[in-house]
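The chain contents come next:
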Amino acid sequence: VLKSVMGELTDSTNRAEGFALMPVVWGTGATLGPLMGGTLSRPAERFPDVFGRGFWKEYPYFLPCLATSAFVFTAFTITLLFFKETVPKKRPHNPSTSENIFIDDSCHDGPFPLSKVLVHPVILSVSNYMSLAFLQISLNALLPLFLTMPLAIGGLGFDPVTIGYIMGIYGLCTGLFQAFYFARIIRLFGERTIFVAGIACFTPIFLLFPVMSLTAQSSGVTIFTHEFWCDSVVSPLAAVVVTHFFPRLIVFEGCIFMFITASAPSKRALGATNGLSQTAASIVRAAGPAMTTSLFAASAEHNLMWGYAVYAIFFIFSCLAVRLASRLPHEMWKEADT
């Protein structure tokens, strides 16, 4: 819905600025969410004076869930009260108009046929959105596992609070960067160049996981000590932060959103096009975490490729995604006027 609204409120002259706001909102949530979850988890241990009773010990993660639910309810209330419809209201038919005009005007009623939405620009844009969604959700599922698992089985052994801070830092950096530079970089290099470069970043990202694991096993994990800057071996924490927020700084989901918006065969088809893209992305987002965690467990349990088979598999997926992204046109499709 949000993407359709943004497409209806903007045109080709200001769409980059409009879609730049969406990753900023996402970055804000990605900053507050992990910080809230990491800070409020296990309150009986962290804040015993306030939450020292048995309920908070028995349900150590109830407080972050409660805070998140309150935030969602607040957002729902604000949307319900202040969100305005962006689709123009239908004008009543004038009885004095001719029958031909009446028939022509009424043909715009009803949903846009799906068969007319499935054109080449839409299919190509949606396919790239699916590949991006799959890689992102897989990385989001893989990173907490990697951070949590003990060093002996290829992880870093971080505690939940540290993981929350790491992911909060990535969200903050992503939101700030896209707020100030997204539109400028798009106008300088173009949507296709930025999107392909961002997808290409996933290939070294997945290869860095074994490097971080081996580095941590040989040199230990240094967190915000003098060794963080002075050690000759790159700190695993620095690599973790880079692997998670760097692709978000470069990929810019707004790029593929702009392609999807421009690919709609008509203005009436904008909602159907965004609905199709969101449905397709939701399917891979449902399958991605299950596949990622299963591959991670199988790699560790059966010592496949020394426990690093999951990263090799996603490296291959990343290469295929780059190939698909390179098929996007160098110039944005011309948008339909009606």
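Not measured: the values here are computed from a predicted model.

Engineer: Please give an account of the overall build of the chain that cites residues and values.
Structural biologist: Within the chain one finds 17 helices and zero strands. Every one of the 338 residues in the chain was classed for burial, and the buried ones make up 41%. Put simply, of all contacts in the chain between residues at least 6 apart along the chain, 77% involve residues at least 24 apart. Just so you have it, the chain exposes about 18,600 Å², and 68% of that area is on carbon and sulfur atoms.

Engineer: How would you summarise the packing of aromatic side chains if you had to cite specific residues and measurements?
Structural biologist: This structure, assessed with the given rule, holds 17 aromatic pairs. With a centroid separation of 5.3 Å and an interplanar angle of 80°, the aromatic rings of phenylalanine 55 and phenylalanine 62 are classed as edge-to-face. What makes phenylalanine 55 partly exposed here is its relative accessible area of 38%. Measuring from centroid to centroid gives 6.5 Å for phenylalanine 146 and tyrosine 311, while their planes differ by 90°, and the two rings are edge-to-face. Here tyrosine 311 lies in helix H17 (residues 309-325) and phenylalanine 146 lies in helix H9 (residues 120-148), a separation of 165 residues in the sequence.

Engineer: Help me get a handle on the nonpolar core, residues and values and all.
Structural biologist: Judged by nonpolar contacts, the single largest core of 49 residues is most densely connected at Phe195, Phe206, Phe209, Ile256 and Tyr311. Per element, the largest residue contribution to this core is 11 residues, and it comes from H9. For isoleucine 256, the contacting residues outside a window of four places in its chain are Ser125, Asn128, Tyr129, Leu132, Phe195 and Leu328. Residues Phe112, Val122, Val126 and Ala280 belong to the second largest nonpolar core, which totals six residues.

Engineer: Residues and numbers for the environment of arginine 285, please.
Structural biologist: Mapped onto the secondary structure, arginine 285 falls in helix H16 (residues 270-302). According to the relative accessible area criterion, arginine 285 is partly exposed, its value standing at 28%. In this structure the C-alpha to C-alpha distance between arginine 285 and methionine 130, which are 155 residues apart in sequence, comes to 8.5 Å. Not counting residues within four places of it along the chain, the set of residues in contact with arginine 285 comprises Tyr129, Ala133, Ile137 and Gln278.

Engineer: Give a detailed account of the confidence of the model for the chain, specifying residues and quantitative values.
Structural biologist: For the chain, per-residue confidence averages 78 on the pLDDT scale, and residues scoring 70 or more make up 76% of the total. Looking over the chain, one finds the lowest element-wise mean pLDDT in helix H13 (residues 227-230), namely 37, and the highest in H17, namely 95. Throughout residues 97-107 the model reports pLDDT below 50, and contacts reaching past four residues in sequence, or to other chains, amount to four contacts. Note on residues 224-234: pLDDT under 50 across the span, and nine contacts to partners over four residues away in sequence or across chains.

Engineer: Lay out the environment of serine 127 in plain terms, naming residues and giving numbers.
Structural biologist: The topology assignment puts serine 127 in helix H9. Sequence separation of serine 127 and alanine 280 is 153 residues, and the distance between their C-alpha atoms is 8.2 Å. Among the polar contacts made by the side chain of serine 127, one reaches the main-chain carbonyl oxygen of isoleucine 123 at a distance of 2.6 Å.

Engineer: How would you sum up the side chain of threonine 203? Please name residues and give values.
Structural biologist: Counting through the fold element by element, threonine 203 comes out in helix H12 (residues 202-219). A polar contact of 2.6 Å, which involves the side chain of threonine 203, links it to the backbone oxygen of alanine 200. Apart from the residues lying within four places of it in its own chain, the contact partners of threonine 203 are Phe315, Ser318, Cys319 and Val322.

Engineer: Report on the packing of H9 against H16, specifying residues and quantitative values.
Structural biologist: In a pair of packed helices, the angle between the axes and the distance between the axes together describe the arrangement. Where H9 contacts H16, the two axes come as close as 7 Å, and the packing angle between them is 35°. Viewed along their axes, H9 and H16 form a crossing whose handedness is right-handed. Across the contact of H9 with H16, the residue classes tally to 17 nonpolar, seven polar and one charged.

Engineer: Would you mind going over unusual backbone geometry in detail, with residue names and values included?
Structural biologist: Residues other than glycine seldom take positive phi values, yet arginine 42 does so here, at roughly 50°. In this structure, arginine 42 sits in the loop between helix H2 (15-40) and helix H3 (43-46). Judged by its relative accessible area of 35%, arginine 42 falls in the partly exposed class. Although it is not a glycine, tryptophan 306 sits at a positive phi angle of roughly 60°. Its place among the elements puts tryptophan 306 in the loop between H16 and H17.

Engineer: Describe the environment of alanine 272, with residues and values.
Structural biologist: Position of alanine 272 relative to the elements: it lies in helix H16. Sequence separation of alanine 272 and phenylalanine 112 is 160 residues, and the distance between their C-alpha atoms is 6.7 Å.

So, how was this worked out
Residues numbered from 1 in each chain as written. Predicted model: local features only at pLDDT ≥ 70, side-chain atom pairs only at ≥ 80, totals over all residues. Heavy atoms only, no water. Helix = DSSP H or I, 4+ residues; strand = E, 2+ residues; numbered from the N terminus. Buried < 20%, exposed > 50% of the residue type's maximum accessible area, 1.4 Å probe, protein only. Contact = heavy atoms within 4.5 Å. Areas by Shrake-Rupley, 256 points an atom, 1.4 Å probe, with all protein chains shown as cover. Phe/Tyr/Trp six-rings, centres within 6.5 Å; stacked < 30°, edge-to-face > 60°. Core = buried A, V, L, I, M, F, W, Y, C linked by side-chain atoms within 4.5 Å. pLDDT = per-residue confidence, 0-100. Polar contact = N/O pair within 3.5 Å; in protein donor to acceptor, adjacent residues only side chain to side chain. Axes fitted to C-alpha atoms, helices over the stretch in contact; angles between N-to-C directions. Left-handed = near helix turned anticlockwise from the far one by under 90°. Nonpolar A, V, L, I, M, F, W, Y, C, P; charged D, E, K, R; others polar.

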